[in-house]
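What the coordinates show
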Amino acid sequence: MVAHVLALAGCLDILVLNAGCQFVAAIDQFPDHEWERLRSVMLDGPFFAMKAAWSALTKSPGGRIVVTASTASFAGAPQKTAYTAAKHGVLGLVRVAALEGAGHGLTVNAVAPGWMDTGMMRDQLKIQAATMGVCTDEAVERLRAAQPAKRFVDVREVAATIGFLVNPGASGVNGVCIAVTS
């Protein structure tokens, strides 16, 4: 990926690492291969992408990395062991990378979206509804009601926050995670 961008553009200034997947099960029933898959996608992937892009992003000041965390990065969620652990790990990765990149003029930050009406959320609705003992429509209403503004985050709100973080005007923002909640 990095070699391809460098061959086409000659430089790499911004790296946005946006990955998420889900599997929901209790700890004692959580399949090992699902633990490994979720960790690989959401924590190992960002690490290896940063590592591959590091020299290009630190070649001159102004490089930016933004990683998608989650509001699950700040708390636990029943039956979401791997997702929550990986998203917690993302924050640690971002903080270390921010410290190591600062001397090169590289900023590394995260965004932590709350519940969004996405395919990933819809895929887990049956399990969420079963856990709550309600139908899927009621589960959606309960998830919305649990949000501060009683609505899901719009993906455009997350994109705008990422846009801010990669802007030169955000050069003083480094090693933080901005929660995007409704």
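The structure this text deals with has already been given above.
Model, not experiment: these values are computed from the prediction. (Residues numbered from 1 in each chain as written. Predicted model: local features only at pLDDT ≥ 70, side-chain atom pairs only at ≥ 80, totals over all residues. Heavy atoms only, no water.)

1. Remarks on the overall build of the protein
The helix and strand inventory of the protein stands at 7 helices and 4 strands. Moving toward the C terminus, one meets the helices and strands of the protein in the order α-β-α-β-α-β-α-α-α-α-β. If one aligns the C-alpha atoms of the protein with their principal axes, the spans along those axes are about 55 × 35 × 30 Å. Counting over 182 residues, the protein shows a buried share of 39%. In the protein, the proportion of contacts linking residues at least 24 apart, taken out of those at least 6 apart, comes to 69%. (Helix = DSSP H or I, 4+ residues; strand = E, 2+ residues; numbered from the N terminus. Buried < 20%, exposed > 50% of the residue type's maximum accessible area, 1.4 Å probe, protein only. Contact = heavy atoms within 4.5 Å.)

2. Re the sheet that holds strand S1 (residues 14-17)
Here 4 strands make up an open sheet; going across it, the order is S1-S2-S3-S4 and the pairing parallel. A single partner strand is all that each edge strand has here, and the edge strands are S1 and strand S4 (177-180). Adjacent strand axes in the sheet meet at a mean angle of 20 degrees, parallel and antiparallel pairs treated alike. Sheet topology note: the S1/strand S2 (residues 64-68) ladder contains 4 bridges and is parallel. For Leu15, the partnering residue across the bridge sits in S2 and is Ile65. (Pairing = 2+ DSSP bridges. Axes fitted to C-alpha atoms, helices over the stretch in contact; angles between N-to-C directions.)

3. Quick notes on the pairing of strand S3 (residues 107-113)
Counting buried positions along S3 yields 7 of 7 residues, so the element is predominantly enclosed. Both faces of S3 are covered, namely the face carrying Thr107, Asn109, Val111 and Pro113 and the face carrying Val108, Ala110 and Ala112. In the classification by handedness, the crossover that spans S2, the intervening helix H3 (residues 81-102) and the parallel S3 is right-handed. Pairing of S3 with S4, which is carried by 4 bridges, proceeds in the parallel orientation. Each bridged residue has a counterpart across the sheet, and for Ala112 the counterpart in S4 is Ala179. (Right-handed = clockwise from strand over helix to strand, strands pointing away.)

4. What to know about unusual backbone geometry
Positioned with a positive phi, Gln79 is a non-glycine residue whose angle comes to about 70 degrees. Its location among the elements puts Gln79 in the loop between S2 and H3. Unlike most non-glycine residues, Lys150 shows phi in positive territory, near 60 degrees. If you trace the backbone, Lys150 turns up in the loop between helix H6 (136-145) and helix H7 (155-166).

5. Structural notes on the packing of aromatic side chains
Two descriptors summarise a pair of aromatic rings, namely the distance from one centre to the other and the angle between the planes of the rings. Inspection of the entire model under this criterion finds 2 aromatic pairs. Summarising the aromatic geometry, the rings of Phe23 and Phe30 are spaced 5.5 Å apart at their centres and angled 80 degrees between planes, so their arrangement reads as edge-to-face. Exposure remark for Phe23: the relative accessible area of 27% places this residue in the partly exposed category. Accessibility expressed as a relative area gives 11% for Phe30, which makes it buried. Arranged with centres 4.9 Å apart and planes meeting at 70 degrees, the rings of Phe47 and Phe48 form a pair that is edge-to-face. (Phe/Tyr/Trp six-rings, centres within 6.5 Å; stacked < 30°, edge-to-face > 60°.)

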